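What follows is the residue order along each chain.
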Amino acid sequence: MHTVPRKIIRIINSWSIFRHINIEQRPSSALLLSTFLQKDQISSANKMAKPISIEAWNPSGKYRVVSTKSMPGTRWIRLLTDQDCRVEVCTEKKTILSVEDILALIGEKCDGVIGQLTEDWGEVLFSALKRAGGTAFSNMAVGYNNVDVDAATKYGVAVGNTPGVLTETTAELAASLSLAAARRIVEADEFMRAGLYDGWLPHLFVGNLLKGQTVGVIGAGRIGSTYARMMIEGFKMNLIYYDLYQATRLENFVTAYGQFLQANGEQPVTWKRAATMEDVLRAADVISLHPILDKTTYHLINKERLSIMKKDAILVNCSRGPVVDEAALVEHLKVNPMFRVGLDVFEDEPYMKPGLAELKNAIVVPHIASASKWTREGMATLAALNVLGKIKGYPVWADPNRVEPFLDENSPPPAVCPSIVNAKQLGLPSSKV
Ligand SMILES: NC(=O)c1ccc[n+]([C@@H]2O[C@H](COP(=O)([O-])OP(=O)(O)OC[C@H]3O[C@@H](n4cnc5c(N)ncnc54)[C@H](O)[C@@H]3O)[C@@H](O)[C@H]2O)c1
Ligand SMILES: O=C(O)[C@H](O)CO
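Residues numbered from 1 in each chain as written. Chains lettered and ligands numbered in written order. Predicted model: local features only at pLDDT ≥ 70, side-chain atom pairs only at ≥ 80, totals over all residues. Heavy atoms only, no water.

## A closer look at the overall build of the chain
Reasoning step 1: For the chain, the count of helices and strands is 16 helices and 14 strands.
Reasoning step 2: Looking at the chain residue by residue over its 433 residues, the buried ones come to 53%.
Reasoning step 3: Counted over contacts in the chain with a minimum sequence separation of 6, partners at least 24 positions apart contribute 67%.
Reasoning step 4: Carbon together with sulfur atoms contributes 55% to the accessible area of the chain, which is approximately 20500 Å² in total. (Helix = DSSP H or I, 4+ residues; strand = E, 2+ residues; numbered from the N terminus. Buried < 20%, exposed > 50% of the residue type's maximum accessible area, 1.4 Å probe, protein only. Contact = heavy atoms within 4.5 Å. Areas by Shrake-Rupley, 256 points an atom, 1.4 Å probe, with all protein chains shown as cover.)

As structure tokens, then:
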């Protein structure tokens, strides 16, 4: 017989209006406080276009935490409601909320907000959050190029992000795109479905062998290094990388793996840290982009740099769209049919540059690199704990790369904020790990 864990019973009991809900399941909308913002909140938002629909959890909670989107799993809600938070989840149908929409959500009293990478978190929203008494914001993402951190700091708002929990998931998608592009899987699938296959042919969908070729990584941080290891370990590729910093652990891994292969009578793999990005672009057969997006990485891949890459190279982008000049890429793909790309991100999301969708040598997926259940639930948990930790005055976790203690469903998370990017600027205390 299925028994409800004690912890869950406690949670259910603490949710005054939801005593009868099994919180393991996402509650049906009929059971939720699906409502509009209260009148006083609505009138406080100057440019509010229309009322915003929400679901509220633990309505009597002391701290008001708003999530601009429904997020996977229920643990993140439990963690907040257990600590006296009223959680309001925006249930608006539109995918991307405007600044006006979010102003309406913040209202007159708001302690913290969990937001999304599609939203424009700048001066307007952070000043509104401060006016509403808020001190905490967390992106449900590791990248935070949509956030003006200086503006947040100016208004005393901590900015959280969710590193670590999405490293493998994102690297796996980059690896998937690399393979799909190398072996022309999407083209071949379309061909089959179109009923065009009438028998094996020596030239049918011939692609690239990865073994023994060179994988190039630009931005060898958490995700870039993990992707590199996957390609090296899985396909015995050699590595060339470019980063502002030395990726010592990655280098040590490749050295040791090369020695292991050699000891087993196989060709060893090698690594090289390139002095310039151009060195990577010239040498690599598959190049995957994993830097953050900032002023230094905007249009890192442009017309000139595309032109120095091998004619049959593969380019993968799972970082941020603007790292690539997408219009230049479309032109390059048109004149170099053997050059292939796998793109998870786009310069003007959700749009693609004209021409891209028609190109057979491009594989395009809708920003799904972190989309595994475990990761997305973990991202929601980390984002919620960032906001909760700041509201409660907890210190900031000293090692934002070590996220396991927050993700264990069977034990309470440490009383810290997992990752606050402006902790130093705000003078927040750091925890001892
Ligand atoms: N597509 C997705 O769904 C998805 C998922 C997760 C992360 N991301 C993106 O990936 C990025 C990287 O995530 P991470 O966790 O690996 O971050 P990270 O900070 O561990 O790695 C980023 C690396 O980029 C390097 N870098 C910065 N500027 C550079 C430059 N000018 N040239 C070369 N290297 C440079 C840094 O030194 C660092 O090593 C995020 O910021 C985010 O934008 C996208
Ligand atoms: O930065 C991020 O975390 C991604 O783009 C979404 O997972």
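## Some points on the UniProt feature "domain: D-isomer specific 2-hydroxyacid dehydrogenase NAD-binding" (unreviewed entry) in the chain
Reasoning step 1: Under the UniProt annotation, "domain: D-isomer specific 2-hydroxyacid dehydrogenase NAD-binding" (unreviewed entry) lies at residues 177–369.
Reasoning step 2: Taken end to end, residues 177–369 is 35% helix and 15% strand, and its first and last C-alpha atoms sit 10 Å apart. (UniProt positions renumbered as here; feature names shortened; annotations may be inferred.)

## Things to note about the UniProt feature "domain: D-isomer specific 2-hydroxyacid dehydrogenase catalytic" (unreviewed entry) in the chain
Reasoning step 1: In this numbering, the UniProt entry assigns the feature "domain: D-isomer specific 2-hydroxyacid dehydrogenase catalytic" (unreviewed entry) to residues 75–394.
Reasoning step 2: Between the end C-alpha atoms of residues 75–394 the distance is 19 Å, and the span holds 40% helix and 14% strand.

## So, the domain arrangement of the chain
Many structure descriptions define interface size as the accessible area lost when the parts assemble.
Reasoning step 1: Looking at the chain, the domain boundaries give domain 1 (7–165 + 372–426) and domain 2 (167–364).
Reasoning step 2: The interface of domain 1 with domain 2 comprises 11 residues on the first partner and seven residues on the second.
Reasoning step 3: The largest share of the area that domain 1 buries against domain 2 comes from Asn145, Gly164 and Asn401, three residues that together contribute 47% of it.
Reasoning step 4: Here domain 1 and domain 2 share zero salt bridges between them. (Domains from an automatic or database assignment. Buried area = accessible area lost by both parts, 1.4 Å probe. Salt bridge = Lys/Arg side-chain N within 4 Å of Asp/Glu carboxyl O.)

## Considerations on the site of ligand 2
Reasoning step 1: In the region of ligand 2, the neighbouring residues are Leu117, Ala141, Val142, Gly143, Leu166, Arg320, His367, Ser370 and Met379.
Reasoning step 2: Between ligand 2 and the protein, one listed contact pairs an oxygen atom with a backbone N or O atom of glycine 143 at 2.9 Å.
Reasoning step 3: At 2.6 Å, a side-chain N or O of arginine 320 approaches an oxygen atom of ligand 2.
Reasoning step 4: In isolation ligand 2 offers 230 Å² of accessible surface; the protein chains occlude 89% of this area.
Reasoning step 5: Residues that form the shell around ligand 2 fall into these classes: five nonpolar, three polar and one charged. (Near = heavy atom within 4 Å. Polar contact = N/O pair within 3.5 Å; in protein donor to acceptor, adjacent residues only side chain to side chain. Nonpolar A, V, L, I, M, F, W, Y, C, P; charged D, E, K, R; others polar.)

## Considerations on the site of ligand 1
Reasoning step 1: Contacts to ligand 1 come from 26 residues, most closely from Arg222, Ile223, Asp243, Cys318 and Asp344.
Reasoning step 2: The contact in question runs from an oxygen atom of ligand 1 to an N or O atom on the backbone of arginine 222, over 2.9 Å.
Reasoning step 3: Isoleucine 223 is positioned such that a nitrogen or oxygen atom in its backbone is 2.9 Å from an oxygen atom of ligand 1.
Reasoning step 4: Protein coverage of the free-state accessible area of ligand 1, which is 860 Å², stands at 89%.
Reasoning step 5: Here the shell around ligand 1 is built from residues that sort into 12 nonpolar, 10 polar and four charged.

## Description of the packing of aromatic side chains
Reasoning step 1: Tallied over the entire structure, the rule returns seven aromatic pairs.
Reasoning step 2: Ring centres 5.1 Å apart and planes at 80 degrees place the aromatic pair phenylalanine 191 and phenylalanine 205 in the edge-to-face group. With phenylalanine 191 in helix α8 (residues 185–193) and phenylalanine 205 in the loop between α8 and β8 (214–218), the pair connects residues that are 14 residues apart, well separated along the chain.
Reasoning step 3: The buried category is assigned to phenylalanine 191, whose relative accessible area is 18%.
Reasoning step 4: Taking 5.8 Å as the distance between ring centres and 10 degrees as the angle between the ring planes, the aromatic pair formed by phenylalanine 253 and tyrosine 257 counts as stacked. Highlighted residues: phenylalanine 253 and tyrosine 257, both in helix α10 (residues 248–263), separated by four residues, approximately one helical turn.
Reasoning step 5: Taken together, the aromatic side chains of Trp121, Phe126 and Phe137 make up a single cluster linked through ring pairs.
Reasoning step 6: For the cation-ring pair, arginine 229 lies above phenylalanine 253, with the distance from its terminal atom to the ring centre recorded as 3.9 Å. (Phe/Tyr/Trp six-rings, centres within 6.5 Å; stacked < 30°, edge-to-face > 60°. Lys NZ or Arg CZ within 6 Å of the ring centre and 35° of its normal.)

## Description of the packing of helix α7 (residues 167–182) against helix α9 (residues 222–235)
Reasoning step 1: Between α7 and α9, the least distance of the axes is 8 Å, while the angle of their chain directions is 50 degrees. If you check the angle between α7 and α9, you find them oblique. Viewed along their axes, α7 and α9 form a crossing whose handedness is right-handed. Here Thr167, Glu168, Thr170, Ala171, Glu172, Ala174, Ala175, Ser178 and Leu179 of α7 lie close against α9, whose contacting residues are Arg222, Ile223, Thr226, Tyr227, Met230, Met231 and Phe235.
Reasoning step 2: Counted by class, the contact of α7 with α9 contains nine nonpolar, four polar and three charged residues. (Axes fitted to C-alpha atoms, helices over the stretch in contact; angles between N-to-C directions. Parallel < 35°, antiparallel > 145°, perpendicular 65-115°, else oblique. Left-handed = near helix turned anticlockwise from the far one by under 90°.)

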